[in-house]
Amino acid sequence: MKDCAALWLFVLALSAPALPAAERPNIVLMMADDMGYSDIGCYGGETATPTLDALAADGLRFTQFYNTGRCCPTRASLLTGLYPHQAGIGHMMQDRGLEGYRGDLNDRCRTIAEVLRSAGYATYMAGKWHVTKKIRPDLTAEDRKNWPLQRGFDRFFGTIHGAGSFFDPNSLTRDNAQIPPGDEFYYTDAISDTAAQFIREHEAERPFFLYVAYTAPHWPMHAKPADIDKYKGRYEQGWDALREERYRRMVELGVIDNCWKLSPRDPQIPEWKRAELPEWEQRRMEVYAAMIDCMAQGIGRIVDALEKSGRLDDTLIFFLADNGGCAEELGSRGPVRPDPQKVVNCKPLGPDELQTQMIPACTRDGSPVRQGLGVLPGPADSYIAYGRNWANASNTPFRLYKHWVHEGGISTPLIVHWPAGVAAERRGRFVRDPGHLIDIMATCVDVSGAAYPQEREIVPLEGISLRPAIEGKALAREQPLFWEHEGNRAIRAGHWKLVANGPEGAWELYDVDADRSELNNLAAAYPDLAGRMARQWEEWAERAHVLPWPWGGRRGETAEALRGAATPMEAFESFRKAVAASDWKSAFSYMTAGSREFTVGSFVATYFAGVIGESGKSLAVKYADEKELTALLEKLQKADRQDRQLAFAEFAALVEEQAGFMNDAIELSKRQKENWLRDVSSAATVMLTNLRIEGDRATAMVRMKDSRGAKRMDFKQLNGRWYVDYQR
């Protein structure tokens, strides 16, 4: 494999245009993580981002640029110039057994680094990778085939995994070796300073490509005290006032059209005056702002390194975000855990010891990491999100959030700065043409003179170069833009956008020129247009490996079969029989399709009811009595669709964290382990959704079988974190 890749790079290098280095700009691609459309100053935010504002004033701001609505699909799309499903990462980092959902970059795509290196570029990366499920420190060379150095980068510093502590991140890596963080470590600063170092150490005779992938301001809300202090009291007026303030500023700046109304406050969010813990809520947003502020300071150091090296004028800089503001309430609900009134024994880590968990149980110095309602964010011993209430403000003026493909989930700032490529009279202007992540690779290929591979097995680029827009011309896009994530789906063709919420959601049609806030659904008024666009989406979804969905849906065979099930219990019985037969693929399909068909709540409750009925009270969720199970069912059935979807996403992340532990606990072959982990993780997601809603009152158990016989999983809480115990 390695020899073939080297041969490909050699052949491609021979075929690349031999443009002089002076005609090929350096390229710096910077991306924030979980940052909303209106969070930075030049897009209407109150956060101090002076370097970004200066880059915008001397460059261009795209007002209708799009990401894919989620961390790793965005990274897959950005790196390859393809839709994420075509690169193998249509969802997250689990292998679903379908071409579009393998949880790893596939061999049919090429990264920007691979293509530009073939044209003589040096290639560097600092920050979050998150396009492979192989994250452990003891991997073989084959298992690291999708790490940065194996996908085209000459040098790398950052994290392979997608989230973690800013003071002690898991999977922190230099080149191919995982390393401890060292003293006085803060991840955002480490990313910025390493990127600046790469620039200072670069050999001047050839151009470079630098990818800077921040994890700020993704949860957990970790920031340095001096940065937090800048925003003390700034948000005492609350989220309602902040949305109004940002909306007015965005209109004044020209970022949004004044005909686009401010969307109503999310109905799940209370008025600020009814906030349960207003001082704590303020603190959450203060830390969030501090995280963006620190990132902006670091970008200032990167730009300073470019300027001092004499490279700024010949460098094409992009800055964008991977998805909209994040409504996940990870760690910010329920009682404080571990209980502050109880003694918790935490062992400090040695200076060379690796921390391998997404949510560490303890800080490096041995303090317990706490979660729960009211836990003060900022320091290393906290781990919470800033939540839906403030995410609604981050996405001003749009609806919905990360995960969704309404405008709040997929709209991103895009700043483009290139003194040698942007005419002086155009600097400071807006670009109104719609653009997408798929266009970044095409732009890099265009300006670098590189040759994108034409081999039959390599998927052709989906995007178009943004260079015409940079030069003041219209973008001649022939194809619509498309989205899908977790069944949320959309197509944009010209000024029309068709969008749906979830696999079973009805199509909604919006005239984005007149109503980018998506408040006036025109599907009933233009049924022919909506139908035509829906068919275009279906054709794309078939071509781009979006369908079949791994969780069933309208095209899933299992989902279709389940439509005939009269009751949730019948769906459960199909799931139970598949488990008994060790048919894990079918079990997963029945479980997830059942969740979709009968709602998460009814299926979860049915699952536990089945356990009770099969094994008696000895193997069951330890509720006080049957009334509590009934109450849980009713509660979950009434839950808002958004809440159910967020619960699944949040706990899928927690289960992903436990994958390493599971791998160590099960003595099976490599392939059996991979299959087991995928399917056990899927089942665990359902159970943890239930447990999460009820707090830490329950221990859940389930029997599954493999070739070695029965095993039991006990899900327990210890020191505020979920653990999995196995018994044969």
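The preceding data block contains the structure.
So, here's what we can say about the structure. Just so it is clear, the structure is predicted and the values come from calculations on it, not from any experiment.

### Regarding the pattern of salt bridges
Moving on, step 1. Inspection of the entire model under this criterion finds 44 salt bridges.
Moving on, step 2. A salt bridge links glutamate 114 to arginine 151, with the shortest nitrogen-to-oxygen separation between them at 3.2 Å. Placement of glutamate 114 in helix H4 (residues 112-118) and of arginine 151 in the loop between strand E3 (122-128) and strand E4 (155-159) is noted, with a sequence separation of 37 residues between them. Arginine 151 shares its class with glutamate 114; the two are buried.
Moving on, step 3. Across the pair glutamate 281 and arginine 284 runs a salt bridge whose closest N-O atoms are separated by 3.0 Å. Within this pair, glutamate 281 and its partner arginine 284 are both found in helix H8 (residues 278-308), separated by three residues, close to a single helical turn.

### Overview of the environment of glutamate 279
Moving on, step 1. Relative to the helices and strands, glutamate 279 is located in helix H8.
Moving on, step 2. The exposure class assigned to glutamate 279 is exposed, which follows from its relative accessible area of 66%.
Moving on, step 3. Separated by 44 residues in the primary sequence, glutamate 279 and tyrosine 235 have C-alpha atoms spaced 9.4 Å apart.

### Let's talk about the pairing of strand E7 (residues 208-213)
Moving on, step 1. Taken across its six residues, E7 has six buried, putting it largely inside the fold.
Moving on, step 2. Residues Phe208, Leu210 and Val212 of E7 are buried on one face, and the alternating residues Phe209, Tyr211 and Ala213, pointing to the opposite face, are buried as well.
Moving on, step 3. Summarising the sheet, strand E1 (residues 26-32) and E7 pair through five bridges and their orientation is parallel. Note that in E7 the partner of isoleucine 27 across the bridge is phenylalanine 209.
Moving on, step 4. When E3 meets E7, the two strands line up parallel, connected through six bridges. In the sheet register, threonine 123 faces E7, and the bridge partner there is phenylalanine 209.

### Here's the deal with the packing of helix H5 (residues 187-201) against H8
For any two helices packed against each other, the geometry is given by the interaxial angle and the distance between the axes.
Moving on, step 1. Remark: H5 packs on H8, axes separated minimally by 9 Å, with the N-to-C direction vectors making an angle of 5°. Looking at the two axes, H5 sits roughly parallel to H8. Residues Thr188, Asp189, Ser192, Asp193, Ala195, Ala196, Ile199 and Arg200 of H5 pack against Cys294, Met295, Gly298, Ile299, Arg301, Ile302, Ala305 and Leu306 of H8.
Moving on, step 2. The residue makeup of the contact of H5 with H8, split by class, is nine nonpolar, three polar and four charged.

### Examining the sheet that holds strand E13 (residues 488-493)
Moving on, step 1. Pairing is antiparallel in the open sheet, where four strands are placed in the order E12-E13-E14-E15. Strand pairing shows two members of the sheet lacking a second neighbour, strand E12 (481-485) and strand E15 (508-511), which therefore form its edges. Neighbour-to-neighbour, the strand axes of this sheet turn through a mean angle of 15°, independent of strand direction.
Moving on, step 2. With four bridges joining them, strand E14 (residues 496-500) and E15 adopt antiparallel strand pairing. When the sheet's bridge partners are listed, valine 499 is paired in E15 with glutamate 508.

### Things to note about the state of the cysteines
Two cysteines whose sulfur atoms are joined by a covalent bond form what is called a disulfide.
Moving on, step 1. The final tally for this structure, using the stated rule, is one disulfide.
Moving on, step 2. The disulfide that involves cysteine 346 links it to cysteine 362, with 2.0 Å between the sulfurs. Here the S-S torsion is close to -70°, and the disulfide linking cysteine 346 with cysteine 362 is therefore left-handed. Remark: cysteine 362 occurs in the loop between strand E8 (315-321) and helix H9 (387-394) and cysteine 346 occurs in the loop between E8 and H9; sequence separation between them is 16 residues.
Moving on, step 3. When its relative accessible area of 14% is taken as the criterion, cysteine 346 is described as buried.

Criteria and cut-off values
- Residues numbered from 1 in each chain as written.
- Predicted model: local features only at pLDDT ≥ 70, side-chain atom pairs only at ≥ 80, totals over all residues.
- Heavy atoms only, no water.
- Salt bridge = Lys/Arg side-chain N within 4 Å of Asp/Glu carboxyl O.
- Helix = DSSP H or I, 4+ residues; strand = E, 2+ residues; numbered from the N terminus.
- Buried < 20%, exposed > 50% of the residue type's maximum accessible area, 1.4 Å probe, protein only.
- Pairing = 2+ DSSP bridges.
- Axes fitted to C-alpha atoms, helices over the stretch in contact; angles between N-to-C directions.
- Parallel < 35°, antiparallel > 145°, perpendicular 65-115°, else oblique.
- Contact = heavy atoms within 4.5 Å.
- Nonpolar A, V, L, I, M, F, W, Y, C, P; charged D, E, K, R; others polar.
- Disulfide = S-S within 2.5 Å.

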